[in-house]
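# Survey of secondary and tertiary structure
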Amino acid sequence: MAATPAPPQAPPKPTWDPRRVEPSFPWLRPTIRIRLTLLYGGMFLIAGILLLSIIYLLAAQAINTGNEPLFKIVGAKELQVTSDNCPAIKVDNLTFSQFNDAISSCINDQRRVALDDLLSRSLLALLGLAIIAFAFGYAMAGRVLSPLGRITRTARAVAGSDLSRRIELDGPDDELKELADTFDEMLERLQRAFTAQQRFVGNASHELRTPLAINRTLLEVHLSDPGAPVELQQLGKTLLATNERSEQLVEGLLLLARSDNQIVERKPVDLAEVAEQAVDQVHAEAAAKGVVIRGEQKPAVVQGNGVLLERIALNLVQNAVRYNIPEGGWVEVTTEVQHGQAVLVVTNTGPVVPAYEIDNLFEPFRRLRTERTGSDKGVGLGLSIVRSVARAHGGHIAAQPREGGGLVMRVTLPI
(Lines give C-alpha, C1' and ligand atoms only; values in the text may rest on other atoms or scores of the structure.)
Protein backbone atom coordinates (compact mmCIF):
# COMPACT_ATOMS: atom_id res chain seq x y z
CA MET A 1 0.00 0.00 0.00
CA ALA A 2 1.62 3.25 -1.11
CA ALA A 3 1.77 6.15 1.26
CA THR A 4 -0.57 8.99 0.48
CA PRO A 5 1.59 12.11 0.21
CA ALA A 6 0.78 14.82 2.67
CA PRO A 7 -0.96 17.78 1.05
CA PRO A 8 1.28 20.83 0.70
CA GLN A 9 1.02 23.27 3.52
CA ALA A 10 1.63 26.95 3.36
CA PRO A 11 4.76 28.12 5.15
CA PRO A 12 4.02 29.09 8.74
CA LYS A 13 3.40 32.69 9.60
CA PRO A 14 6.68 34.07 10.89
CA THR A 15 6.74 34.99 14.52
CA TRP A 16 8.87 37.58 16.15
CA ASP A 17 12.30 36.20 16.93
CA PRO A 18 14.75 38.05 19.21
CA ARG A 19 17.62 36.75 17.04
CA ARG A 20 16.15 38.09 13.81
CA VAL A 21 18.40 40.47 11.90
CA GLU A 22 17.01 43.95 11.45
CA PRO A 23 16.30 45.11 7.87
CA SER A 24 19.04 46.93 5.99
CA PHE A 25 17.01 50.17 5.77
CA PRO A 26 15.11 50.56 9.05
CA TRP A 27 14.19 54.15 8.21
CA LEU A 28 11.84 52.84 5.52
CA ARG A 29 9.66 51.18 8.15
CA PRO A 30 6.66 53.23 9.42
CA THR A 31 8.16 53.57 12.89
CA ILE A 32 7.00 55.99 15.55
CA ARG A 33 10.11 58.08 14.89
CA ILE A 34 9.25 58.41 11.19
CA ARG A 35 5.64 59.26 12.00
CA LEU A 36 6.66 61.89 14.55
CA THR A 37 9.11 63.35 12.04
CA LEU A 38 6.39 63.57 9.41
CA LEU A 39 4.07 65.13 11.98
CA TYR A 40 6.60 67.77 13.05
CA GLY A 41 7.69 68.54 9.49
CA GLY A 42 4.11 68.55 8.19
CA MET A 43 2.97 70.99 10.88
CA PHE A 44 5.93 73.27 10.11
CA LEU A 45 5.20 73.05 6.40
CA ILE A 46 1.53 73.93 6.86
CA ALA A 47 2.40 76.81 9.18
CA GLY A 48 5.01 78.06 6.68
CA ILE A 49 2.54 77.94 3.79
CA LEU A 50 -0.02 79.89 5.82
CA LEU A 51 2.58 82.46 6.85
CA LEU A 52 3.84 82.81 3.27
CA SER A 53 0.29 83.29 2.00
CA ILE A 54 -0.40 86.00 4.56
CA ILE A 55 2.86 87.81 3.79
CA TYR A 56 2.19 87.60 0.05
CA LEU A 57 -1.32 89.00 0.41
CA LEU A 58 -0.15 91.81 2.68
CA ALA A 59 2.71 92.65 0.33
CA ALA A 60 0.39 92.64 -2.68
CA GLN A 61 -2.07 94.86 -0.85
CA ALA A 62 0.67 97.27 0.19
CA ILE A 63 2.16 97.50 -3.29
CA ASN A 64 -1.17 97.90 -5.04
CA THR A 65 -2.42 100.57 -2.69
CA GLY A 66 -3.26 103.47 -4.98
CA ASN A 67 -3.13 102.23 -8.54
CA GLU A 68 -2.94 105.77 -9.91
CA PRO A 69 0.58 107.12 -10.42
CA LEU A 70 1.83 109.74 -7.98
CA PHE A 71 2.33 112.30 -10.77
CA LYS A 72 1.23 113.18 -14.30
CA ILE A 73 2.99 115.22 -16.91
CA VAL A 74 0.69 117.93 -18.22
CA GLY A 75 3.21 120.03 -20.05
CA ALA A 76 6.90 120.35 -20.71
CA LYS A 77 9.50 121.98 -22.95
CA GLU A 78 12.07 119.65 -24.50
CA LEU A 79 11.12 116.71 -22.12
CA GLN A 80 13.21 113.61 -22.76
CA VAL A 81 12.65 110.38 -20.77
CA THR A 82 14.32 106.98 -21.27
CA SER A 83 14.02 103.65 -19.47
CA ASP A 84 15.38 100.13 -20.11
CA ASN A 85 12.44 98.53 -18.27
CA CYS A 86 9.74 100.54 -20.00
CA PRO A 87 10.25 100.58 -23.76
CA ALA A 88 6.87 102.22 -24.36
CA ILE A 89 8.09 105.64 -23.31
CA LYS A 90 10.88 105.62 -25.88
CA VAL A 91 8.42 106.06 -28.70
CA ASP A 92 8.64 109.51 -30.25
CA ASN A 93 5.77 111.95 -30.68
CA LEU A 94 3.80 110.68 -27.66
CA THR A 95 1.05 112.81 -26.33
CA PHE A 96 0.98 113.56 -22.64
CA SER A 97 -1.99 111.20 -22.14
CA GLN A 98 -0.22 108.36 -23.95
CA PHE A 99 2.95 109.01 -22.01
CA ASN A 100 1.07 108.89 -18.65
CA ASP A 101 -0.64 105.61 -19.65
CA ALA A 102 2.72 104.09 -20.55
CA ILE A 103 4.15 105.13 -17.17
CA SER A 104 1.17 103.53 -15.36
CA SER A 105 1.55 100.27 -17.32
CA CYS A 106 5.25 100.10 -16.53
CA ILE A 107 4.59 100.63 -12.82
CA ASN A 108 2.02 97.79 -12.79
CA ASP A 109 4.45 95.48 -14.56
CA GLN A 110 7.14 96.25 -11.98
CA ARG A 111 4.69 95.50 -9.19
CA ARG A 112 3.91 92.07 -10.70
CA VAL A 113 7.60 91.31 -11.16
CA ALA A 114 8.27 92.26 -7.54
CA LEU A 115 5.44 90.04 -6.25
CA ASP A 116 6.58 87.11 -8.41
CA ASP A 117 10.14 87.51 -7.20
CA LEU A 118 8.92 87.66 -3.58
CA LEU A 119 6.87 84.50 -4.06
CA SER A 120 9.66 82.49 -5.72
CA ARG A 121 12.24 83.48 -3.12
CA SER A 122 9.81 82.75 -0.30
CA LEU A 123 9.04 79.29 -1.72
CA LEU A 124 12.74 78.48 -1.96
CA ALA A 125 13.28 79.66 1.61
CA LEU A 126 10.28 77.61 2.77
CA LEU A 127 11.64 74.52 1.02
CA GLY A 128 15.03 74.89 2.67
CA LEU A 129 13.50 75.48 6.09
CA ALA A 130 11.20 72.48 5.61
CA ILE A 131 14.20 70.22 4.94
CA ILE A 132 15.89 71.58 8.05
CA ALA A 133 12.67 71.13 10.03
CA PHE A 134 12.31 67.48 8.94
CA ALA A 135 15.93 66.74 9.79
CA PHE A 136 15.63 68.51 13.13
CA GLY A 137 12.33 66.73 13.85
CA TYR A 138 13.91 63.36 13.03
CA ALA A 139 16.80 64.05 15.38
CA MET A 140 14.55 65.29 18.18
CA ALA A 141 12.15 62.37 17.76
CA GLY A 142 15.08 59.97 18.01
CA ARG A 143 16.28 61.69 21.16
CA VAL A 144 12.82 61.59 22.74
CA LEU A 145 12.25 57.95 21.74
CA SER A 146 15.72 56.70 22.66
CA PRO A 147 14.41 55.26 25.98
CA LEU A 148 11.96 53.13 23.97
CA GLY A 149 14.86 51.73 21.97
CA ARG A 150 16.62 50.86 25.20
CA ILE A 151 13.47 49.15 26.47
CA THR A 152 13.16 47.21 23.19
CA ARG A 153 16.77 46.00 23.33
CA THR A 154 16.29 44.84 26.89
CA ALA A 155 13.07 43.05 25.96
CA ARG A 156 14.89 41.24 23.15
CA ALA A 157 17.64 40.16 25.52
CA VAL A 158 15.01 38.93 27.97
CA ALA A 159 13.24 37.05 25.17
CA GLY A 160 16.49 35.16 24.73
CA SER A 161 16.19 33.94 28.37
CA ASP A 162 18.54 36.56 29.79
CA LEU A 163 16.34 37.59 32.71
CA SER A 164 19.23 39.32 34.46
CA ARG A 165 19.06 42.33 32.14
CA ARG A 166 17.53 45.55 33.43
CA ILE A 167 16.74 48.85 31.74
CA GLU A 168 17.69 51.15 34.67
CA LEU A 169 16.57 54.22 32.77
CA ASP A 170 17.84 57.59 33.99
CA GLY A 171 16.33 60.97 33.30
CA PRO A 172 13.23 62.91 34.24
CA ASP A 173 10.38 61.17 35.99
CA ASP A 174 8.13 61.05 32.94
CA GLU A 175 5.93 58.40 31.34
CA LEU A 176 8.86 56.61 29.69
CA LYS A 177 10.77 56.29 32.97
CA GLU A 178 7.62 55.02 34.65
CA LEU A 179 7.25 52.42 31.90
CA ALA A 180 10.91 51.37 32.24
CA ASP A 181 10.66 51.07 36.03
CA THR A 182 7.50 48.99 35.72
CA PHE A 183 9.24 46.75 33.19
CA ASP A 184 12.22 46.33 35.54
CA GLU A 185 9.91 45.33 38.38
CA MET A 186 8.22 42.78 36.13
CA LEU A 187 11.60 41.34 35.13
CA GLU A 188 12.59 41.08 38.77
CA ARG A 189 9.47 39.07 39.56
CA LEU A 190 9.94 36.91 36.48
CA GLN A 191 13.54 36.17 37.41
CA ARG A 192 12.55 35.17 40.93
CA ALA A 193 9.80 32.93 39.58
CA PHE A 194 12.13 31.39 36.99
CA THR A 195 14.84 30.79 39.58
CA ALA A 196 12.30 29.20 41.89
CA GLN A 197 11.11 26.99 39.05
CA GLN A 198 14.64 25.87 38.24
CA ARG A 199 15.28 25.14 41.90
CA PHE A 200 12.04 23.19 42.11
CA VAL A 201 12.86 21.18 38.98
CA GLY A 202 16.27 20.32 40.37
CA ASN A 203 14.91 19.32 43.76
CA ALA A 204 12.03 17.39 42.23
CA SER A 205 14.43 15.62 39.90
CA HIS A 206 16.45 14.36 42.86
CA GLU A 207 13.58 13.67 45.23
CA LEU A 208 11.47 11.81 42.67
CA ARG A 209 14.16 9.86 40.86
CA THR A 210 15.91 8.52 43.93
CA PRO A 211 13.03 6.51 45.51
CA LEU A 212 11.95 5.23 42.10
CA ALA A 213 15.49 4.04 41.39
CA ILE A 214 15.63 2.33 44.80
CA ASN A 215 12.29 0.63 44.17
CA ARG A 216 13.44 -0.58 40.76
CA THR A 217 16.65 -2.01 42.24
CA LEU A 218 14.81 -3.82 45.02
CA LEU A 219 12.29 -5.28 42.58
CA GLU A 220 15.01 -6.44 40.19
CA VAL A 221 16.89 -8.09 43.04
CA HIS A 222 13.72 -9.81 44.18
CA LEU A 223 12.91 -11.01 40.66
CA SER A 224 16.44 -12.42 40.28
CA ASP A 225 15.81 -14.82 43.16
CA PRO A 226 15.00 -18.21 41.54
CA GLY A 227 13.38 -19.50 44.72
CA ALA A 228 10.71 -16.81 44.89
CA PRO A 229 7.11 -18.01 44.53
CA VAL A 230 5.44 -17.56 41.17
CA GLU A 231 2.81 -15.24 42.66
CA LEU A 232 5.47 -12.96 44.11
CA GLN A 233 7.38 -12.94 40.83
CA GLN A 234 4.23 -11.96 38.96
CA LEU A 235 3.53 -9.25 41.52
CA GLY A 236 7.12 -8.06 41.23
CA LYS A 237 6.85 -7.81 37.45
CA THR A 238 3.64 -5.81 37.79
CA LEU A 239 5.22 -3.48 40.33
CA LEU A 240 8.34 -3.14 38.15
CA ALA A 241 6.19 -2.14 35.16
CA THR A 242 4.33 0.37 37.34
CA ASN A 243 7.63 1.74 38.63
CA GLU A 244 8.94 2.08 35.08
CA ARG A 245 5.80 3.96 34.11
CA SER A 246 6.30 6.30 37.07
CA GLU A 247 9.89 6.91 36.00
CA GLN A 248 8.74 7.77 32.49
CA LEU A 249 6.15 10.13 33.92
CA VAL A 250 8.74 11.90 36.09
CA GLU A 251 11.22 12.19 33.21
CA GLY A 252 8.49 13.54 30.94
CA LEU A 253 7.35 16.13 33.47
CA LEU A 254 10.89 17.33 34.13
CA LEU A 255 11.68 17.52 30.42
CA LEU A 256 8.44 19.40 29.81
CA ALA A 257 9.33 21.90 32.55
CA ARG A 258 12.83 22.44 31.16
CA SER A 259 11.79 22.75 27.53
CA ASP A 260 9.16 25.44 28.17
CA ASN A 261 11.96 28.03 28.14
CA GLN A 262 14.11 29.36 25.33
CA ILE A 263 17.25 27.38 24.53
CA VAL A 264 20.26 29.50 25.53
CA GLU A 265 23.14 27.27 24.36
CA ARG A 266 22.64 26.31 20.72
CA LYS A 267 24.79 24.12 18.51
CA PRO A 268 24.44 22.92 14.91
CA VAL A 269 22.22 19.82 14.84
CA ASP A 270 21.30 17.86 11.72
CA LEU A 271 17.66 16.77 11.83
CA ALA A 272 18.53 13.89 9.50
CA GLU A 273 20.90 12.38 12.07
CA VAL A 274 18.38 12.98 14.84
CA ALA A 275 15.64 11.22 12.86
CA GLU A 276 17.92 8.29 12.02
CA GLN A 277 18.80 7.80 15.70
CA ALA A 278 15.12 7.89 16.62
CA VAL A 279 14.30 5.31 13.95
CA ASP A 280 17.11 3.04 15.21
CA GLN A 281 15.79 3.20 18.76
CA VAL A 282 12.22 2.34 17.74
CA HIS A 283 13.14 -0.22 15.09
CA ALA A 284 12.82 -3.24 17.42
CA GLU A 285 9.43 -2.17 18.73
CA ALA A 286 8.22 -1.50 15.18
CA ALA A 287 9.39 -4.95 14.02
CA ALA A 288 7.56 -6.59 16.92
CA LYS A 289 4.34 -4.84 15.92
CA GLY A 290 4.79 -5.50 12.21
CA VAL A 291 5.17 -1.81 11.34
CA VAL A 292 7.52 -0.82 8.51
CA ILE A 293 9.54 2.38 8.95
CA ARG A 294 10.69 4.09 5.79
CA GLY A 295 11.46 7.54 4.41
CA GLU A 296 14.38 9.65 3.22
CA GLN A 297 16.25 11.90 5.60
CA LYS A 298 17.89 14.82 3.79
CA PRO A 299 20.35 17.08 5.62
CA ALA A 300 18.62 19.89 7.53
CA VAL A 301 20.91 21.63 10.00
CA VAL A 302 19.37 23.79 12.73
CA GLN A 303 20.73 25.62 15.75
CA GLY A 304 19.51 24.04 18.97
CA ASN A 305 19.91 21.42 21.67
CA GLY A 306 20.62 17.97 20.25
CA VAL A 307 19.15 16.04 23.19
CA LEU A 308 15.84 17.91 23.07
CA LEU A 309 15.61 17.70 19.29
CA GLU A 310 16.22 13.97 19.48
CA ARG A 311 13.34 13.78 21.96
CA ILE A 312 11.08 15.41 19.33
CA ALA A 313 11.89 12.79 16.72
CA LEU A 314 11.80 9.90 19.19
CA ASN A 315 8.40 10.84 20.62
CA LEU A 316 6.87 11.30 17.17
CA VAL A 317 8.22 8.00 15.82
CA GLN A 318 7.22 6.11 18.97
CA ASN A 319 3.68 7.47 18.79
CA ALA A 320 3.50 6.65 15.08
CA VAL A 321 4.49 3.03 15.79
CA ARG A 322 2.35 2.52 18.88
CA TYR A 323 -0.81 4.11 17.48
CA ASN A 324 -0.84 2.16 14.23
CA ILE A 325 -2.96 -0.53 12.62
CA PRO A 326 -2.44 -4.19 13.62
CA GLU A 327 -1.41 -5.40 10.14
CA GLY A 328 0.28 -3.74 7.19
CA GLY A 329 1.11 -0.56 9.06
CA TRP A 330 3.90 1.78 8.08
CA VAL A 331 5.63 4.94 9.29
CA GLU A 332 7.34 7.43 6.98
CA VAL A 333 9.99 9.73 8.44
CA THR A 334 11.42 12.49 6.23
CA THR A 335 13.60 15.55 6.81
CA GLU A 336 14.33 18.36 4.37
CA VAL A 337 14.69 22.12 4.01
CA GLN A 338 11.65 24.04 2.75
CA HIS A 339 11.24 27.80 2.40
CA GLY A 340 14.41 28.40 4.38
CA GLN A 341 13.29 26.23 7.31
CA ALA A 342 14.12 22.72 8.46
CA VAL A 343 11.14 20.37 8.32
CA LEU A 344 10.64 16.99 10.00
CA VAL A 345 7.56 15.08 8.82
CA VAL A 346 6.34 11.84 10.42
CA THR A 347 3.42 10.15 8.62
CA ASN A 348 1.78 6.93 9.75
CA THR A 349 -1.15 4.66 9.14
CA GLY A 350 -3.56 4.22 12.00
CA PRO A 351 -7.08 4.87 13.20
CA VAL A 352 -9.09 7.70 11.69
CA VAL A 353 -8.55 10.88 13.69
CA PRO A 354 -11.31 13.52 13.56
CA ALA A 355 -10.05 17.01 12.77
CA TYR A 356 -11.67 18.48 15.89
CA GLU A 357 -9.58 16.13 18.09
CA ILE A 358 -6.21 17.35 16.76
CA ASP A 359 -5.71 20.15 19.28
CA ASN A 360 -6.49 17.86 22.21
CA LEU A 361 -3.61 15.55 21.29
CA PHE A 362 -1.09 18.20 22.34
CA GLU A 363 -2.56 18.64 25.83
CA PRO A 364 -0.76 16.85 28.70
CA PHE A 365 -2.23 13.46 29.67
CA ARG A 366 -4.66 13.53 26.74
CA ARG A 367 -5.04 10.60 24.35
CA LEU A 368 -7.40 9.93 21.52
CA ARG A 369 -10.57 8.25 22.77
CA THR A 370 -8.82 6.82 25.85
CA GLU A 371 -8.78 7.56 29.53
CA ARG A 372 -6.22 9.85 31.07
CA THR A 373 -4.65 6.90 32.88
CA GLY A 374 -4.52 3.19 32.39
CA SER A 375 -2.90 3.02 28.96
CA ASP A 376 0.21 0.97 28.36
CA LYS A 377 1.28 3.07 25.36
CA GLY A 378 2.73 5.97 27.31
CA VAL A 379 2.10 8.59 29.94
CA GLY A 380 0.33 11.10 27.70
CA LEU A 381 3.15 13.68 27.57
CA GLY A 382 4.83 12.84 24.26
CA LEU A 383 3.19 15.43 22.01
CA SER A 384 3.14 18.02 24.79
CA ILE A 385 6.90 17.65 25.09
CA VAL A 386 7.29 17.85 21.30
CA ARG A 387 5.30 21.08 21.11
CA SER A 388 7.15 22.58 24.08
CA VAL A 389 10.60 21.72 22.67
CA ALA A 390 9.64 23.02 19.22
CA ARG A 391 8.49 26.33 20.71
CA ALA A 392 11.67 26.60 22.75
CA HIS A 393 13.63 26.38 19.48
CA GLY A 394 11.48 29.04 17.81
CA GLY A 395 9.56 26.52 15.71
CA HIS A 396 6.16 24.87 15.78
CA ILE A 397 4.43 21.55 15.17
CA ALA A 398 1.27 20.98 13.15
CA ALA A 399 -0.83 17.82 12.97
CA GLN A 400 -3.15 16.87 10.15
CA PRO A 401 -5.39 13.82 9.75
CA ARG A 402 -4.22 11.52 6.99
CA GLU A 403 -6.72 10.32 4.43
CA GLY A 404 -7.49 6.69 5.23
CA GLY A 405 -6.41 6.93 8.86
CA GLY A 406 -3.38 8.05 10.80
CA LEU A 407 -1.69 11.41 11.16
CA VAL A 408 0.80 13.67 9.43
CA MET A 409 2.99 15.38 12.04
CA ARG A 410 5.00 18.31 10.67
CA VAL A 411 7.69 20.02 12.75
CA THR A 412 9.14 23.25 11.37
CA LEU A 413 12.29 24.78 12.88
CA PRO A 414 14.24 27.90 11.87
CA ILE A 415 17.66 27.32 10.36
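What comes next concerns the included structure. (Residues numbered from 1 in each chain as written. Predicted model: local features only at pLDDT ≥ 70, side-chain atom pairs only at ≥ 80, totals over all residues. Heavy atoms only, no water.)

## Comments concerning the packing of helix H6 (residues 306-322) against helix H7 (residues 382-392)
Put simply, H6 and H7 touch, their axes get as near as 9 Å, and they point 145° apart. Considering only the axes of H6 and H7, their crossing is left-handed. Contact residues: Leu308, Leu309, Arg311, Ile312, Asn315, Leu316 and Asn319 in H6; Gly382, Leu383, Ile385, Val386, Val389 and Ala390 in H7. In terms of residue class, the contact of H6 with H7 is made up of nine nonpolar, three polar and one charged. (Axes fitted to C-alpha atoms, helices over the stretch in contact; angles between N-to-C directions. Helix = DSSP H or I, 4+ residues; strand = E, 2+ residues; numbered from the N terminus. Left-handed = near helix turned anticlockwise from the far one by under 90°. Contact = heavy atoms within 4.5 Å. Nonpolar A, V, L, I, M, F, W, Y, C, P; charged D, E, K, R; others polar.)

## Here's the deal with the nonpolar core
Of all hydrophobic cores here, the largest spans 41 residues; its most connected members are Ile312, Leu316, Val333 and Leu344. Top contributing element to this core by residue count: H6, with nine residues. Aside from chain neighbours lying at most four places away, what touches Ile312 is Leu344, Val386, Val389, Ala390 and Val411. With eight residues, the next largest nonpolar core counts Ile151, Val158, Leu163 and Leu187 among its residues. (Core = buried A, V, L, I, M, F, W, Y, C linked by side-chain atoms within 4.5 Å. Buried < 20%, exposed > 50% of the residue type's maximum accessible area, 1.4 Å probe, protein only.)

## Description of the sheet that holds strand S2 (residues 292-294)
The strand order S2-S4-S5-S7-S6 describes an open sheet built from five strands, whose pairing is mixed. Of all the strands in the sheet, the pair left with one neighbour each is S2 and strand S6 (396-401). The average angle at which neighbouring strand axes cross in this sheet is 15°, direction not considered. Judged from the three bridges that link them, S2 and strand S4 (residues 330-338) form a sheet pairing that is parallel. Residue pairing across strands places Ile293 opposite Val331, the latter belonging to S4. Relative to the sheet, helix H5 (residues 271-289) contacts S2, S4, strand S5 (341-348) and strand S7 (407-414), its axis offset from that of S4 by approximately 175°. Relative to S5, H6 is tilted by about 20°, and along the sheet it contacts S2, S4, S5, S6 and S7. (Pairing = 2+ DSSP bridges.)

## Some remarks on the pairing of S4
Bridge count for S4 against S5 is eight bridges, and the pairing is antiparallel. Note that in S5 the partner of Thr334 across the bridge is Val345. The antiparallel pairing of S4 with S5 creates a hairpin that spans two residues between the two strands, and His339 there sits at a positive phi of about 55°.

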